[in-house]
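Residue-level structural notes
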Amino acid sequence: MAFFARTLPYAADQGTKGWRDLGPCRLFRLGVFGLFLALWSEPAQLQELIVHRDIPQPRLTQNEARLYFTLRLQNWPTGQRVKVFVLADDHELHRAFAKQVLGLFPYQLRSIWDRQVFSGTGQAPITVADEAEMLRVVATTPGAIGYLRSPPADPRVRSLEVQ
Amino acid sequence: MSRLTHGLAWALLAFVPSLGVTFSSTTAADDSPFWEKLQEKGFQIHGFASLTGVKTSANRFYGNSPDGSWDDIEVGLNVSYRFNPRVFVAGQVISRQAGDMYDGTPSLDYGLIDLSLVKTADQDLGVRLGRLKNPLGLYNETRDVPFTRPSIFLPQVVYFDKARNLLLSTDGLMLHGEQATAHGTYALVLGGGQAVTDENLEWVFLGGDGPGKLGPHGLSLIGSLWYATPDERLRLGLSGVDSTFSYEAGGPEDSYTSGQTHTTYLILSAQYNTELWTFSSEYARLPMQYRDYGPYLPYSDLDGEGYYFQAAYRFRPDLEGLLRYEEGFTDRGGRDGQALSDQTGGYVPPFDFYAHAWTAGLTWTPNAHVMLRAQYSRTNGTYTLSVRENDPADLIKDWDLFALQIAVRF
């Protein structure tokens, strides 16, 4: 998968810039290749971990990102309370974010949240309806953390790199 | 009380599915600033309800199942609030109607305050006080919540529903610590207090509801140690509870004298998760010592044992199939049950001291708030059945169970 993910931007670039110079046969082959990529392209989707602009730190480790999204760590290093927002379990962006950024399957996240909520040992994140609402709540809630498909243009939120 | 449980369950079952469509869009929407504010302040409310139908070929399980029964209803509601980084409180009330075992009277499932002493990205140390669920095995802490179980009924040879309170909860305190390392997370819980008991325990220990009363005796000790890889794919656990229960005889008409039962419940757990599969297995030991009950109690020392192997496969994110094999024995020293049956003068048949069961299950989760389940089990032996629901003389050795469940949550 990782191989396809890395080659996708390159292939797309080739396909759009140089198609006039190509013969019909190569065009056809590119088309088949493109179709193939399209079928495999779900994992290649970009996800951005976003936070409210008042969060100063530039990056998170994957372990820290997991701790915040599983609500085991409830405060930023500054002491401010973390407010976690997610999309529904079956949302494709949630699935991709869980797998690729957190390295967890969505059902594992759900099981961790359920264990906490129904044993009195913790809480669950707040589910928002769609990506527009995700941007709105993270932009307007101090301490908020969430995710989007691509880096937001909104100055009230920042992207955080996950290493 | 059962009417109240019925009413609550039906109201939730009818209400929450329609909620499912709109709930996620209103949780943080502009038109509900009150709810949004509460959530942002660290306040949460969650709940669930389930209705289960059971049909058995013979033997009663959760009510009059040979004729088909819908006598298994659960409703639960919990609230939690994080005052600040150091202080967290949570409580849950559950109403269970379960055949002849529970009549739906609401009870406090847990109610606690959690004080955090250390909390960093690598370390977590705190203490919980109050009524606490025992962190035993993969499922005990949330055993009554359908969404956290792998099938309608948990593997009964480890998680007896006939005697839930052997493991259920403790009134006391527990220290909990977690240490994250590069190769995984270690979590330790150590605690003590008074075991929370109920009448079913007396039925299981003494074979009936005598004129006396069974209750907790002295201090229960609880411990658990878990290891999980950083991606939580592999989880390994060792957990246990050591408790003593005492019976206060009910006068001259009581066939037993005042006595004590000491139990140590130990569970070894392993779970492995992949995108499509979850494999789980647990091995439990339950040594029990009965003392001073007089000549009419046939047992003194028993060494109970139970284990299961379970595989769950996700056909789609919303559709899961399950296959499980389990075995359990009242006394691993005599797995065929003959010696124990002889001790009762043949009143209890040998097959009541063991169970071997195959289970197949299917779970469909059409949305985040609704779950539909089916389960089929074929069992050889009646060890997992409650004597409160079954007269030993009427037990049938080989029996089938078919169950359907609808559950909702918010």
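Along each chain, residue indices are assigned from 1 in the same order as the chain's sequence is written. Ligands are numbered from 1 and chains lettered from A, in the order in which they are written. Only residues with pLDDT of at least 70 are given local features in this predicted model, and only at 80 or more are side-chain atom pairs given and counted; all residues enter the totals for whole chains, interfaces and linings. Only hydrogens and water are set aside when side-chain values are computed; all heavy atoms of the structure are taken into account.

1. A closer look at the environment of B:Gln44
A helix here means a DSSP run of H or I that spans at least four residues, while a strand means a run of E at least two residues long, and both kinds are numbered starting from the N terminus. In this fold, B:Gln44 is placed in strand 1 (residues 43–56). Partly exposed describes any residue whose relative accessible area lies between the buried limit of under 20% and the exposed limit of over 50%, with all areas from a 1.4 Å probe on protein chains only and scaled to the type maximum. Judged by relative accessible area, B:Gln44 falls into the buried class, the value being 7%. In what follows, residue pairs with any heavy atoms lying within 4.5 Å of each other are defined as contacts. Non-local contacts of B:Gln44, meaning those with residues more than four positions away in its chain, are made with A:Val117, A:Gln123, A:Ala124, B:Asn78, B:Val79 and B:Ser80. Reaching out from B:Gln44, the side chain makes a polar contact with the side chain of B:His46 at a distance of 3.1 Å. Whenever two N or O atoms come within 3.5 Å, that pair is a polar contact, provided that in protein one can donate a hydrogen and the other can accept it, and provided that, for residues adjacent in sequence, both atoms are side-chain atoms.

2. Some remarks on the packing of aromatic side chains
Residues and elements named next belong to chain B. Note on ring pairs: Phe, Tyr and Trp rings are taken, using the six-membered ring of Trp, and paired if centres are within 6.5 Å. Classes follow the plane angle, with under 30 degrees stacked, over 60 edge-to-face and the rest tilted. By the definition in use, this model includes 29 aromatic pairs over all chains. Considering the side-chain rings of Phe205 and Tyr290, the 6.2 Å spacing of their centres and the 85° angle between planes classify their relative orientation as edge-to-face. Remark: Tyr290 occurs in strand 12 (residues 277–291) and Phe205 occurs in helix 3 (residues 199–206); sequence separation between them is 85 residues. Using a relative accessible area of 6% as the deciding quantity, one classes Tyr290 as buried. An aromatic cluster is present here, built from Phe205, Phe245, Tyr247, Tyr256, Tyr290, Tyr293, Tyr299 and Phe353 joined pairwise through their rings. Counting as a charge over the ring demands two things of the Lys NZ or Arg CZ atom: a distance within 6 Å of the ring centre and an angle within 35 degrees of the ring normal. Over the aromatic face of Tyr102 sits the side chain of Arg96, whose NZ or CZ is 4.8 Å from the ring centroid. Sitting over the ring of Tyr102, Arg164 keeps its end group 5.1 Å from the ring centre.

3. Focus on the side chain of B:Ser386
Residue and element names in this part refer to chain B. By secondary structure assignment, the location of Ser386 is in the loop between strand 16 (370–380) and strand 17 (398–409). For Ser386, a relative accessible area of 4% corresponds to the buried category. Within the structure, Ser386 has its side chain in polar contact with the backbone nitrogen of Arg388 (distance 3.0 Å). Residue contacts for Ser386: discarding those within four places in its chain leaves Met101 and Lys162.

4. Examining the interface of chain A and chain B
Contacts between chain A and chain B engage 37 residues on the former and 53 residues on the latter. Here the buried area means the combined drop in accessible surface, using a 1.4 Å probe, for two parts upon being joined, counting both sides. Summing both sides of the interface, chain A and chain B together bury roughly 3,700 Å²; the carbon and sulfur share of this comes to 49%. Any Lys or Arg side-chain nitrogen found within 4 Å of a carboxyl oxygen on Asp or Glu counts as a salt bridge. At the junction of chain A and chain B, the tally comes to three salt bridges. Here B:Glu275 ties to A:Lys99 by a salt bridge, and the two come within 2.7 Å at their closest N and O atoms. In terms of residue count, helix 5 (residues 106–117) of chain A provides more of the side of chain A that touches chain B than any other element does, seven residues in total.

5. Quick look at the pattern of salt bridges
Summed over the entire model, instances satisfying the criterion amount to 27 salt bridges over all chains. Between B:Glu232 and A:Arg72 there is a salt bridge, and its shortest N-O distance comes to 3.1 Å. Taken together, the positions of B:Glu232 in the loop between strand 9 (213–228) and strand 10 (234–248) and A:Arg72 in the loop between helix 3 (62–69) and strand 3 (83–86) put the pair across two chains. Overlapping salt bridges bring together B:Glu74, B:Arg96, B:Asp144, B:Arg149 and B:Arg164 as one network.

6. Describing the nonpolar core
Residue and element names in this part refer to chain B. Each nonpolar core is a collection of buried residues, namely Ala, Val, Leu, Ile, Met, Phe, Trp, Tyr and Cys, held together in the definition by side-chain atoms within 4.5 Å. Counting 46 residues, the largest nonpolar core has Val158, Tyr159, Leu166, Phe205, Tyr265, Tyr290 and Tyr293 as the members making the most contacts within it. For this core, the element with the most residues is strand 12, which contributes four residues. Discounting residues that sit within four places of it in the chain, Leu166 has contacts with Phe160, Leu201, Phe205, Val241, Phe245, Thr263 and Leu286.

Shape descriptors only; they carry no functional weight alone.
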